[in-house]
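Structure at a glance
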Amino acid sequence: MSAILGVFFHALGGYASGTFYIPFRRVKGWSWESAWIVGGVASWIIVPWLMGWITVSNPVAAITGADTATLGWTFLFGLLWGIGGLTFGLSMRYLGISLGMAVALGYCSAFGTLIPPLYEGRFDELLSTRSGLFTLAGVAVCLLGIAVCGRAGFMKENELDADQQKATIAEFNLRKGIAVATVSGILSACFAFGLTAGKPIADLAVSGGTNPLFQNNAIYPVLLLGGFTTNFIWCMILNRRNRTFGDYASAKAPLRSNYMWAILAGTTWYFQFFFYGMGDTYLGDEFRFAGWTLHMAFIITFSTLWGLALHEWKGASKATYRVVYIGLGLIIFSTILIGMGSQF
């Protein structure tokens, strides 16, 4: 039952992440950087502290009680992850929601899942137990499913001419999109490392009376501050370069609507990690590393479904659609294997 709840909460987190970019499509008359940083203020500053105060007994005490090295490494990994998050938004801008997420999260899943047990020297243990083999098999199937989804994206790109591509994704650029998605996927895995580095903060929160289910919420204000720093600097550079500082008070844009949709996008984004922490708690320490794979799998599943619903695959052949469905099927099957692994 514990593993099933873990998978369920990871599914909720995946839905939040796979959905968060949808409200940005309703922002009108603003540059990308203006909408992105407004959503970022909500997702990286306001909501983490708000949820921290609601779910953690004393988040300030847990953070200030941690040693300097813990705070420094957590912030640094957040800084690196922030670069991944920044290019993550660009990957969807150039590749669309479904293909952009599939490519970026393929790298992210592999690095974020396999490096922690390798770093901790626990990889041999996974190879010597039935539960570990089931879990690793699930990770492998998930990565295969991600690769299949990426393959479908390339098939679609080869089938459509430039005008058809632009009709579904306004700034479609395969070469540029693949480049930024690669950088995004590798650096986005630093979020998993940041949670490991910030574990002492979570331990202090639990010892102070916080429900272990919400222990990660004590880490997020520090980790996400690093991500905010990176994104804020870059968006301000773009505002200056593109002369778009006026967006935030422009009379030519529907300001109330834009702020509402951007903040909604940022809030939705945050909840992927709110539920991620709950899912990891139910998976337990032994299989927590697999939670990253589950998270990535559900994000790709829901983002691909959104891509289909928003007609990003319009004009693709039936063969391409079949490949998409096969990829989704493999990803769903991988979550079953990981869930079974935690039962042995």
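Summarised in this report is the structure supplied together with it.

What counts as what
- Residues numbered from 1 in each chain as written.
- Predicted model: local features only at pLDDT ≥ 70, side-chain atom pairs only at ≥ 80, totals over all residues.
- Heavy atoms only, no water.
- Helix = DSSP H or I, 4+ residues; strand = E, 2+ residues; numbered from the N terminus.
- Buried < 20%, exposed > 50% of the residue type's maximum accessible area, 1.4 Å probe, protein only.
- Contact = heavy atoms within 4.5 Å.
- Polar contact = N/O pair within 3.5 Å; in protein donor to acceptor, adjacent residues only side chain to side chain.
- Phe/Tyr/Trp six-rings, centres within 6.5 Å; stacked < 30°, edge-to-face > 60°.
- Salt bridge = Lys/Arg side-chain N within 4 Å of Asp/Glu carboxyl O.
- Core = buried A, V, L, I, M, F, W, Y, C linked by side-chain atoms within 4.5 Å.
- 1 Å grid on protein atoms, 1.4 Å probe; cavity = no way out; pocket = protein on both sides within 12 Å on 5 of 7 lines; lining within 4 Å.
- Points joined across faces, edges and corners; volume = space filled by probe spheres on them.
- Expected span 1.5 Å × (residues − 1).
- Patch = residues over 30% accessible without salt bridge, like charges linked within 9 Å, V, L, I, M, F, W, Y side chains within 5 Å.
- Areas by Shrake-Rupley, 256 points an atom, 1.4 Å probe, with all protein chains shown as cover.

**Some points on the overall build of the protein chain**
- Helices and strands together make up the secondary structure of the protein chain, namely 15 helices and 0 strands.
- Expressed as a percentage of the 344 residues in the protein chain, the buried residues total 57%.
- Here the contacts in the protein chain between residues at least 6 apart in sequence split such that 84% fall between residues at least 24 apart.

**A short note on the side chain of Thr244**
- Mapped onto the fold, Thr244 is located in the loop between helix H12 (220-242) and helix H13 (255-283).
- A polar contact of 2.9 Å, which involves the side chain of Thr244, links it to the side chain of Glu33.

**With respect to the packing of aromatic side chains**
- Throughout the structure, instances matching the rule amount to 35 aromatic pairs.
- Ring plane angle 25 degrees and centroid distance 6.0 Å describe the contact between Phe214 and Phe274, whose orientation is recorded as stacked. Residue Phe214 is found in the loop between helix H11 (199-207) and H12, and its partner Phe274 is found in helix H13; the two are separated by 60 residues along the sequence.
- Look at Phe214 and you get buried, because its relative accessible area is 19%.

**A few points about the pattern of salt bridges**
- Under the criterion given, the structure shown has 1 salt bridge.
- Here Asp203 makes a salt bridge to Lys199, at a shortest N to O gap of 2.8 Å. Separated by 4 residues within a single helix, Asp203 and Lys199 lie in helix H11, roughly one turn from each other.
- Overall, the relative accessible area of 29% leaves Lys199 in the partly exposed class.

**Considering the nonpolar core**
- With 63 residues, the main nonpolar core has Phe24, Trp36 and Phe191 as its most contacted residues.
- At 10 residues, the largest contribution of residues to this core is made by H13.
- Sequence-distant contacts of Phe191, that is, excluding residues within four places in its chain, are made with Trp81, Tyr220, Leu223, Leu224, Phe273 and Trp292.
- Residues Ala152, Leu308, Val324 and Leu328 belong to the second largest nonpolar core, which totals 8 residues.

**Considering helix H10 (residues 190-197)**
- In terms of burial, H10 is largely enclosed, as 6 of its 8 residues are buried.
- Here H10 has its buried residues at Cys190, Phe191, Ala192, Phe193, Gly194 and Leu195.

**Remarks on unusual backbone geometry**
- One non-glycine residue, Arg243, lies in positive phi territory at about 55 degrees.
- Along the polypeptide, Arg243 turns up in the loop between H12 and H13.

**Focus on empty space enclosed by the protein**
- Taken as a whole, this structure holds 2 cavities of 30 Å³ or more when the rule is applied.
- Taken as a whole, the largest cavity encloses approximately 260 Å³ of empty space.
- Of all the secondary structure elements, the ones that give two or more residues to the lining of the largest cavity are helix H2 (32-55), helix H4 (68-95), helix H5 (97-119), helix H9 (174-188), H13 and helix H14 (288-309).

**Topic: H12**
- Between its first and last C-alpha, H12 extends 31 Å over 23 residues, near the 33 Å set by a 1.5 Å rise per residue.
- Arg243 sits one or two positions beyond H12 and adopts a positive phi of about 55 degrees.

**Overview of the environment of Leu294**
- Here Leu294 is to be found in helix H14.
- The buried category is assigned to Leu294, whose relative accessible area is 0%.
- Sequence separation between Leu294 and Val139 is 155 residues; the distance between their C-alpha atoms is 8.4 Å.

**A short note on the environment of Ile299**
- By the element assignment, Ile299 lies in helix H14.
- For the pair Ile299 and Ala16, spaced 283 residues apart in the sequence, the C-alpha separation amounts to 7.9 Å.

**Notes on a nonpolar patch on the surface**
- Judged by side-chain polarity, Trp49, Trp53 and Val60 come together as a nonpolar surface patch covering roughly 290 Å² of accessible area.
- Among the structural elements, Trp49 can be located in helix H2.

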